[in-house]
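Coordinate analysis (summary)
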Amino acid sequence: HHYRIRYDKFHPGYFGKVGMRHFHLMKNRKYCSVTNIDKLFNIAGDGVYEAAKNASDGKAPVIDLVSKGYFKLLGNGQINVPVIVKAKFFSKLAEKKIKEAGGACLLTA
């Protein structure tokens, strides 16, 4: 028809489908907010660093990053006090630095 001819001439690619379909697409599956070690005590709140500094052996404070809205901990920054950090993902460097400081990394679902 003459309308179709004009559309094909002046608007190429208007008709038809392109690409693959993804059924039941859930966009939140790839969401993963990250933070670094240097921001860890800012996220944890007031008094957590002092509690970690003054803690006796085996009494490190727990920082739950998932409840604060962060899923992955990266290794930029320094840490020198033992803390127990709970997150979904840890980078290798972050895990190494926390364990060298005497802390622990706990994976949560």
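See the structure printed just above.
Predicted, not measured: the structure shown is a model, and the values here were computed from it.

Rules used in this analysis
Residues numbered from 1 in each chain as written. Predicted model: local features only at pLDDT ≥ 70, side-chain atom pairs only at ≥ 80, totals over all residues. Heavy atoms only, no water. Buried < 20%, exposed > 50% of the residue type's maximum accessible area, 1.4 Å probe, protein only. Helix = DSSP H or I, 4+ residues; strand = E, 2+ residues; numbered from the N terminus. Arc of directions from axis to C-beta. Contact = heavy atoms within 4.5 Å. Polar contact = N/O pair within 3.5 Å; in protein donor to acceptor, adjacent residues only side chain to side chain. Phe/Tyr/Trp six-rings, centres within 6.5 Å; stacked < 30°, edge-to-face > 60°. Lys NZ or Arg CZ within 6 Å of the ring centre and 35° of its normal. Core = buried A, V, L, I, M, F, W, Y, C linked by side-chain atoms within 4.5 Å.

Another aspect to go through is helix α5 (residues 92-100). Those residues of α5 lying buried are Ala94, Lys97 and Ile98. Seen end-on, α5 carries its buried residues on one side only, within an arc spanning 95 degrees. Of the exposed residues in α5, the ones pointing more than 90 degrees away from its buried face are Lys92 and Glu100. In this structure, the buried residues of α5 make contact with β3 (72-74), β4 (84-87) and β6 (104-107). After α5 finishes, the residue glycine 102 shows a positive phi value of roughly 100 degrees.

With respect to the element layout, serine 91 can be found in the loop between β5 (89-90) and α5. Within polar-contact distance, the side chain of serine 91 engages the backbone nitrogen of glycine 75 at 3.4 Å. Apart from residues no more than four positions distant in its own chain, serine 91 is found in contact with Leu73, Leu74 and Gly75.

Throughout the structure, instances matching the rule amount to five aromatic pairs. Plain terms: the ring middles of tyrosine 7 and tyrosine 14 are 4.7 Å apart, the flat faces sit at 45 degrees to each other, and that makes the pair tilted. Residue classification places tyrosine 14 among the exposed positions, given a relative accessible area of 51%. By way of ring pairs, the aromatic residues Tyr7, Tyr14 and Phe15 are connected into one cluster. Between arginine 4 and the ring centre of phenylalanine 15, over which it is positioned, the NZ or CZ distance is 4.3 Å. Sitting over the ring of phenylalanine 71, lysine 88 keeps its end group 4.3 Å from the ring centre.

Ranked by internal contacts, the top residues of the largest apolar core, which has 20 residues, are Leu40, Ile63, Leu65, Leu73, Val83 and Val85. Of all the secondary-structure elements, those providing two or more residues to this core are α2 (40-44), α3 (48-53), β4 and α5. Looking at this core element by element, the count peaks at four residues for α2. Setting aside anything within four residues of it in sequence, one finds leucine 65 in contact with Thr35, Leu40, Ile43, Tyr70, Leu73, Val85, Lys86 and Ala87.

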